[in-house]
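What follows is each chain in one-letter form.
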Amino acid sequence: MADTASATQPSGHHGKAVGISIAAAVGGFLFGFDSSVINGAVDSLSGHFQLGDFLSGFVVSIALLGCAVGAWYAGRLADGWGRRNVMLLSAAMFVISSTGSAFAFSVPDLLLWRVIGGLGIGIASVIAPAYISEVAPASGRGALGSLQQLAITIGQLVVLSSNKSLAGAAGGASQDLWFGMPAWRWMFLVGVLPAGVYAVLALLIPESPRYLVLAGKDEKAAEVLGRVTGVAEPQSKVREIRETLRKEHKSSFSDLRGPRFGLHPLVWVGIAMAAFQQLVGINAIFYYSTTLWQSVGFSESDSFTTSVITAGVNVVMTVVSMLFVDRVGRRRLLSIGSVGMFVALAVTAVAFSQQRGSGEDISLPDPYGPVALVGANAFVVFFALSWGPIMWIMLAEMFPNRMRAMALAIGTAANWIFNFLVTFSFEPMTERVGLSWLYGAFAFFAAASFVFVRSKVPETKQRELESMTGETHQRKGG
């Protein structure tokens, strides 16, 4: 990305950039909203469409395949159509997915709407941070870029709160609420509102100066630079952007080649980081927490309340991570997170091993119900402090310029693929091996992630992106 602002900005222009960045980050809010809306509806969907474990897991996880495709093509669409137009496309996909899912009449059409929503999530996951990096002042780019991850967690909190309110008003997610429609259908339909807001905001914010220069609209780019970022000499900045675009190396798969199974060692580090972030089981919490707590004896109402509390914890700890990541360092926070997640997941696994009963009559005897609850939320605390936001920061920072774009795309795709694998297998594996063994497996991957961080992950704190070279796979202290 080319710098689009000087280091010293008038406060008025900085305020405009902040406002525009917040508007763009609403895409992250939709990301969190749409990815977690299934949490409160999955049991009702399974009952209504008579889904078994396989189809239930597939309905939840198929959106993630759409995410991978949307993320892969988002950059090319943004360069061809413009950042704002791609935001509008993402918003339209959210509206179509929310409306279609709400009125789904069969499993095939429900799967279609879920895939369309996934495409929108994938696009939003790429376009919002890209746009923010192109309009934000250089002095505030890190903090403003973190708005994306914060917006995702807020979206998860809002949708879980919405699900709880709708289920509570109807007396259960499967019960009719308004106009003869059950609450679970309204859970999907509510998503039209934030998608509409995102579309309106996309129409109000200016196009990225980088794209305007790419499209040959230099005068418009200079006008945006002067009005939004307060650059003293916008025409000079336009020429600088054009020169950067002319010299910019288009990364390709050939840049990723290396001696280890055909790829550069640092690319494997990125893929492994993306995999570990999912293999510790975070989305078993955010996609299935309501079902999870009901499966061990919590009432539906208490399960919804617990899910909301967990989402709130996620938001708070993401803010804490944003405050400390540049002070403490990436590797140290990742290491702390790995240890904390291992302990919390091991405690949760032990608690679930005390499950009593079968079928619909399942419970956790005292004190194991509260222990499982504390363990699961402690896991979210350590994940949100570390692997949640920092994995994305590292993927954006750790690669040398010549391979950054392609390596980031591969890392993102790997993250969505492992997200799909964990989410798709969660319900079938719960039935076959039980929650205790499943959370024990998550704890194993948390422990393995600690060893991986200490031996393979470089420290990128306070290092310029331009200083990253092919040798950064050698571990740096931090």
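The structure we're discussing is the one just above.
Keep in mind that this is a model prediction, so the values were computed, not measured.

Thresholds, definitions, all that
- Residues numbered from 1 in each chain as written.
- Predicted model: local features only at pLDDT ≥ 70, side-chain atom pairs only at ≥ 80, totals over all residues.
- Heavy atoms only, no water.
- Helix = DSSP H or I, 4+ residues; strand = E, 2+ residues; numbered from the N terminus.
- Buried < 20%, exposed > 50% of the residue type's maximum accessible area, 1.4 Å probe, protein only.
- Contact = heavy atoms within 4.5 Å.
- Areas by Shrake-Rupley, 256 points an atom, 1.4 Å probe, with all protein chains shown as cover.
- Phe/Tyr/Trp six-rings, centres within 6.5 Å; stacked < 30°, edge-to-face > 60°.
- Axes fitted to C-alpha atoms, helices over the stretch in contact; angles between N-to-C directions.
- Parallel < 35°, antiparallel > 145°, perpendicular 65-115°, else oblique.
- Left-handed = near helix turned anticlockwise from the far one by under 90°.
- Nonpolar A, V, L, I, M, F, W, Y, C, P; charged D, E, K, R; others polar.
- Core = buried A, V, L, I, M, F, W, Y, C linked by side-chain atoms within 4.5 Å.
- Patch = residues over 30% accessible without salt bridge, like charges linked within 9 Å, V, L, I, M, F, W, Y side chains within 5 Å.
- Salt bridge = Lys/Arg side-chain N within 4 Å of Asp/Glu carboxyl O.

S.K.: Requested: an account of the overall build of the protein chain, with residues and values cited.
M.R.: Counting secondary structure elements, the protein chain contains 21 helices and four strands. Looking at the protein chain as a whole, 56% of its 478 residues qualify as buried. At a minimum sequence separation of 6, the contacts of the protein chain that also span at least 24 residues come to 79%. Of the roughly 19100 Å² of accessible surface on the protein chain, 64% is carried by carbon and sulfur atoms.

S.K.: I'd love a proper account of the packing of aromatic side chains, names of residues and values included.
M.R.: Tallied over the entire structure, the rule returns 14 aromatic pairs. Where F276 meets F452, the ring centres are 5.4 Å apart and the plane angle is 40 degrees; that geometry is what we call tilted. Within this pair, whereas F276 is found in helix α13 (residues 265-279), its partner F452 is found in helix α21 (residues 435-456), the two being separated by 176 residues in sequence. Accessibility classification places F276 together with F452 in one group, the buried group.

S.K.: Go over unusual backbone geometry with me, naming the residues and quoting the values.
M.R.: A positive phi angle, close to 55 degrees, is found at Q50, a residue other than glycine. Note that Q50 resides in the loop between α2 (38-48) and α3 (53-81). Phi angles above zero are rare outside glycine, and F179 is one such case at about 55 degrees. One can find F179 in the loop between β1 (176-178) and β2 (181-182).

S.K.: Describe the packing of helix α16 (residues 300-328) against helix α18 (residues 368-385), with residues and values.
M.R.: Orientation of α16 relative to α18, taken along the N-to-C sense of each, is 30 degrees, at an axis distance of 7 Å. By the angle class used here, α16 and α18 are roughly parallel. Our pair here, α16 against α18, has a crossing hand that is right-handed. In this structure, α16 uses T306, I309, T310, V313, N314, M317, T318, V320 and S321 to contact α18, whose residues at the interface are L373, N377, V380, V381, A384 and L385. Here the residues of the contact of α16 with α18 are counted per class, giving nine nonpolar, six polar and no charged.

S.K.: Kindly report on the nonpolar core, identifying the contributing residues and their values.
M.R.: Side chains of a nonpolar character, in soluble globular proteins, are inclined to be buried together. If you look at the biggest cluster of nonpolar residues, it comprises 131 residues, and the most contacted ones within it are L45, M273, F379, W387, F426, Y439 and F452. The leading source of residues in this core is helix α5 (residues 107-135), at eleven residues.

S.K.: Residues and numbers for a nonpolar patch on the surface, please.
M.R.: There is a patch of nonpolar side chains on the surface, built from V339, F342, V343, V347, F450 and V451 and spanning about 470 Å² of accessible area. Those elements giving two or more residues to the nonpolar patch turn out to be α17 (330-352) and α21. Sorting elements by how many residues they give to the nonpolar patch places α17 first, with four residues. Looking at the secondary structure, you find V339 in helix α17. Look at V339 and you get partly exposed, because its relative accessible area is 42%.

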